[in-house]
Amino acid sequence: MAEEVERKFLIAGDSWQAESRPEAIAIRQFYVVAEPDRSVRIRIMNGEKATLTLKFGAQARVRQEFEYPLALDEALGLQSFAIGNVIEKTRNIVPHGGFLYEVDVFGGALAGLVIAELETDQDVPATSLPPWLGREVTGDSAYYNASLALKGFPETRS
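None of the values given here were measured: they were computed from a predicted structure. (Residues numbered from 1 in each chain as written. Predicted model: local features only at pLDDT ≥ 70, side-chain atom pairs only at ≥ 80, totals over all residues. Heavy atoms only, no water.)

Further remarks concern the overall build of the chain. Across its full length, the chain carries two helices and nine strands. Computed over the C-alpha atoms, the radius of gyration of the chain is 15 Å, within 12% of the 15 Å expected from 2.2 N^0.38 for a compact globule of 158 residues. Along the first, second and third principal axes, the C-alpha set of the chain runs to 45 × 30 × 30 Å. For the chain, buried positions account for 41% of its 158 residues. Put simply, of all contacts in the chain between residues at least 6 apart along the chain, 57% involve residues at least 24 apart. Of the roughly 8300 Å² of accessible surface on the chain, 52% is carried by carbon and sulfur atoms. Put simply, the chain has 16 plus and 23 minus side-chain charges, and the middle of one group is 3 Å from the middle of the other. (Helix = DSSP H or I, 4+ residues; strand = E, 2+ residues; numbered from the N terminus. Rg over C-alpha atoms; globule rule 2.2 N^0.38 Å. Buried < 20%, exposed > 50% of the residue type's maximum accessible area, 1.4 Å probe, protein only. Contact = heavy atoms within 4.5 Å. Areas by Shrake-Rupley, 256 points an atom, 1.4 Å probe, with all protein chains shown as cover. Lys, Arg positive; Asp, Glu negative; His and termini not counted. Charge placed at Lys NZ, Arg CZ, Asp CG, Glu CD.)

Take a look at the structure:
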């Protein structure tokens, strides 16, 4: 069992792009279960590789996560059981201050939304965070991917 410790931030501007690694990952994901304390997600990366992810826990920063490889044809077949919308995003890896930030640029109905995630159990002080991070939305369920799939763009765009 893996423990996921994650912080989420909105992005302030596009200066992160100058620090981004050149390889980006096209992600298509959908949910077959999405409850406040658990979710079951299927993720397809670059149209080539798929994973099944189970997440448990309602805590803002820490949840239990289980991830398993899934055959691509099975993942595509499961899409007919998706609840809500299929999320399309491009994941960029941006190193800063010894940490790797995952910056997701959303497409489709969520176009315009850009969220950075930092997965670390270290307490990173505000002074060490990159200047291109905006408001922290850790714990705001409106910005969880499952909520984005079920409810769409959060009401307060910042």
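That shown, we press on.
Moving on: the nonpolar core. Ile87, Phe106, Leu113, Ile115 and Leu148 are the most contacted members of the largest nonpolar core, which totals 14 residues. At the level of elements, strand 2 (24-35) and helix 2 (145-151) are the ones that each hand at least two residues to this core. The element that contributes the greatest number of residues to this core is helix 2, accounting for three residues. If you look at the next biggest cluster of nonpolar residues, it comprises 13 residues, including Val103, Ala116, Val124 and Leu129. (Core = buried A, V, L, I, M, F, W, Y, C linked by side-chain atoms within 4.5 Å.)

Counting across every chain of the model gives eight salt bridges. Its salt-bridge partner being Glu117, residue Lys8 comes within 3.0 Å of it at the nearest N-O pair. With Lys8 in strand 1 (residues 2-11) and Glu117 in strand 8 (residues 114-119), the pair connects residues that are 109 residues apart, well separated along the chain. Like Glu117, Lys8 is buried. Its salt-bridge partner being Arg41, residue Glu67 comes within 3.5 Å of it at the nearest N-O pair. With a gap of 26 residues between them, Glu67 in strand 5 (residues 62-70) and Arg41 in strand 3 (residues 38-45) connect regions that are remote in the sequence. Among the residues examined, Glu67 registers a relative accessible area of 42% and is labelled partly exposed. (Salt bridge = Lys/Arg side-chain N within 4 Å of Asp/Glu carboxyl O.)

Turning next to the packing of aromatic side chains. Under the definition given, this model contains two aromatic pairs. Measuring from ring centre to ring centre gives 6.0 Å for Phe56 and Phe66, while their planes differ by 75°; the resulting arrangement is edge-to-face. In this pair, Phe56 is assigned in strand 4 (residues 49-56) and Phe66 in strand 5, connecting sequence segments ten residues apart. Where Tyr101 meets Trp132, the ring centres are 5.6 Å apart and the plane angle is 75°; that geometry is what we call edge-to-face. On the criterion of sequence distance, the pair formed by Tyr101 in strand 7 (residues 99-106) and Trp132 in the loop between strand 8 and strand 9 (133-136) is long-range, its members being 31 residues apart. Classification of Trp132 by relative accessible area gives buried; the value is 1%. (Phe/Tyr/Trp six-rings, centres within 6.5 Å; stacked < 30°, edge-to-face > 60°.)

Turning to the environment of Glu19, a few remarks are in order. Structurally, the position occupied by Glu19 is in the loop between strand 1 and strand 2. Sequence-distant contacts of Glu19, defined by excluding residues within four places in its chain, comprise Val94, Pro95, His96 and Trp132. One polar contact links Glu19 to His96, side chain to side chain, over a distance of 3.2 Å. A polar side-chain atom of Glu19 sits 3.0 Å from a polar atom in the side chain of Trp132. (Polar contact = N/O pair within 3.5 Å; in protein donor to acceptor, adjacent residues only side chain to side chain.)

Next up on the list: the side chain of Thr53. Here Thr53 shows up in strand 4. Here Glu67 takes part through its side chain, which lies 2.9 Å from a polar atom of the side chain of Thr53.

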